[in-house]
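# Examining the three-dimensional arrangement
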Amino acid sequence: MQTEELQPNAGGIRRAAELLALGETVAFPTETVYGLGADATNDLAVAKVFEAKGRPSFNPLIVHVASRDAAEAIGLFPDAARDFLKNGWPEGLTLVVEKRPKSTISQLVTVGQTTVALRVPSAPLAKKLLNAFGGPVAAPSANPSGRISSTSAEHVLRGLQGKIAAVLVGGVAQTGLESTILSFDDTGPVVLREGAYQVAEDLPRQTAISGGVSAPAPGMLSSHYAPRGTLRMNVTAPDQREWFIGFGPVGACDANLSPSGNLQEAAANLFAFLYAADDKPAIAVAPIPDTGLGRAINDRLRRAAAPRP
Ligand code: TXA
Ligand code: MG
């Protein structure tokens, strides 16, 4: 398959929407990372996403829609969920809610569960594509399963060239970390994944799961976002042979996520630096403060450092 590189103009968006309608896979930028999209109501199209990524079939996908109304047509939102949407759908937030029984979302998207993960992206190009297509788009991050997430079209092509129908080339994803995922139980919101949207530090967190069919959030696998080489985190004195990723005023390093210690800048650089270091046998990363976006960065680093299956 020849992967089409579509420009972020009217013609490119039209072609991307046409390919989605034909049941093909199209990667596109959101404000978090690039997603690999397919028509969420088309089993065959969704199967192509799992196939291209080599994704375990027990790991459900996030459904992207153009508006809150479109989201409410698919899921049942408890009041606690509505609270988050009072001023519109926040950037970088995914909500897991009960799926409406009559929803036409493919069972493959939800891997047969009764819940569905929904997100309204804010990135203009993602919005235009969703409006042009006119239906829900299932999209995991646009990378081979378990590997580094993509924040540019170039990253997408490195991992998925020839395996997907097209990529909408739309510059660098602004935040650079996946969405925060919340679900709701009787007590209120529970954080399933730390991410781009910053939630109160005292919200309950679902503890990390090592993976498996019965895991409540199967994607929370312990090894994920992995570069080819090994990765150590919280390193203050790297070994000679390690490629050292710094943060703040660390002195000598091979790349610095943010010399001034800005977590937003560090989040935006993280996956690009891991791609840059993907040919290195060993990577070491300086300590990142575990507050605000730093929690999401450390979550990604922990999984990137975890033993591989
Ligand atoms: O920012 C993002 O969230 C990006 C962009 C493309 O939207 N998407 C993304 O997708 O990161 P993915 O597949 O890499 O991660 C989605 C996570 C997985 O861990 C999956 O298990 C979880 O969402 N998920 C999806 N549906 C779920 C559900 N019904 N219940 C619990 N977890 C769910
Ligand atoms: Mg992913």
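Now for a quick tour of the structure. (Residues numbered from 1 in each chain as written. Chains lettered and ligands numbered in written order. Predicted model: local features only at pLDDT ≥ 70, side-chain atom pairs only at ≥ 80, totals over all residues. Heavy atoms only, no water.)

Now for the overall build of the chain. Looking only at helices and strands, one finds 8 helices and 15 strands in the chain. The C-alpha atoms of the chain give 19 Å as radius of gyration, which agrees with the globular expectation for 309 residues (19 Å, within 12%). Referenced to the eigenvectors of the C-alpha coordinate spread, the extents of the chain come out at roughly 55 × 50 × 35 Å. Every one of the 309 residues in the chain was classed for burial, and the buried ones make up 56%. (Helix = DSSP H or I, 4+ residues; strand = E, 2+ residues; numbered from the N terminus. Rg over C-alpha atoms; globule rule 2.2 N^0.38 Å. Buried < 20%, exposed > 50% of the residue type's maximum accessible area, 1.4 Å probe, protein only.)

Our focus in this paragraph is the packing of aromatic side chains. For the coordinates displayed, the defined rule picks out 4 aromatic pairs. Between Phe-84 and Tyr-197, the ring centres sit 6.4 Å apart and the planes meet at 70°, which makes this aromatic pair edge-to-face. One end of the pair, Phe-84, is in helix 4 (residues 79-84); the other, Tyr-197, is in the loop between strand 11 (188-193) and strand 12 (230-232), with 113 residues separating them in the sequence. On the accessibility criterion, Tyr-197 (22% relative accessible area) is partly exposed. Clustering of aromatic rings is evident, with ring pairs tying together Phe-84, Phe-184 and Tyr-197. (Phe/Tyr/Trp six-rings, centres within 6.5 Å; stacked < 30°, edge-to-face > 60°.)

Let us now look at the site of ligand 1. Surveying the vicinity of ligand 1 reveals 27 residues, the closest of which are Thr-32, Asn-59, His-64, Ser-179 and Arg-193. Contact between ligand 1 and Thr-32: an oxygen atom at 2.6 Å from a side-chain N or O atom of the residue. Computed on the free molecule, ligand 1 has an accessible area of 680 Å², of which 97% lies beneath the protein chains in the complex. At 4 residues, strand 7 (residues 115-119) tops the list of elements feeding residues into the shell around ligand 1. (Near = heavy atom within 4 Å. Polar contact = N/O pair within 3.5 Å; in protein donor to acceptor, adjacent residues only side chain to side chain. Areas by Shrake-Rupley, 256 points an atom, 1.4 Å probe, with all protein chains shown as cover.)

This part covers the packing of helix 7 (residues 263-276) against helix 8 (residues 293-305). Geometry of a packed helix pair, given as the angle between the helix axes and the separation of the axes. Packing of helix 7 against helix 8 brings their axes to within 9 Å, and their N-to-C directions diverge by 25°. Taken together, the axes of helix 7 and helix 8 are roughly parallel relative to one another. Helix-helix and strand crossings are classified by hand; for helix 7 and helix 8 the assignment is left-handed. Where helix 7 approaches helix 8, its residues Leu-263, Gln-264, Ala-266, Ala-267, Leu-270 and Phe-271 are matched on the opposing element by Leu-293, Gly-294, Ile-297, Arg-300 and Leu-301. When its residues are assigned to classes, the contact of helix 7 with helix 8 shows 8 nonpolar, 2 polar and 1 charged. (Axes fitted to C-alpha atoms, helices over the stretch in contact; angles between N-to-C directions. Parallel < 35°, antiparallel > 145°, perpendicular 65-115°, else oblique. Left-handed = near helix turned anticlockwise from the far one by under 90°. Contact = heavy atoms within 4.5 Å. Nonpolar A, V, L, I, M, F, W, Y, C, P; charged D, E, K, R; others polar.)

This part takes up the pattern of salt bridges. Counted under the stated rule, the structure contains 18 salt bridges. In this structure, Glu-4 engages Arg-15 in a salt bridge whose closest nitrogen and oxygen atoms are separated by 2.8 Å. Of this pair, Glu-4 sits in strand 1 (residues 4-6) while Arg-15 is found in helix 1 (residues 10-21), placing the two residues 11 residues apart along the sequence. Its relative accessible area of 27% is what places Glu-4 among the partly exposed residues. Close ionic contact of Asp-279 with Lys-280 constitutes a salt bridge, the shortest N to O distance being 3.5 Å. Note on Lys-280: relative accessible area 26%, which makes it partly exposed. One continuous salt-bridge network, built from bridges that share partners, spans Arg-68, Glu-72, Asp-79 and Arg-82. (Salt bridge = Lys/Arg side-chain N within 4 Å of Asp/Glu carboxyl O.)

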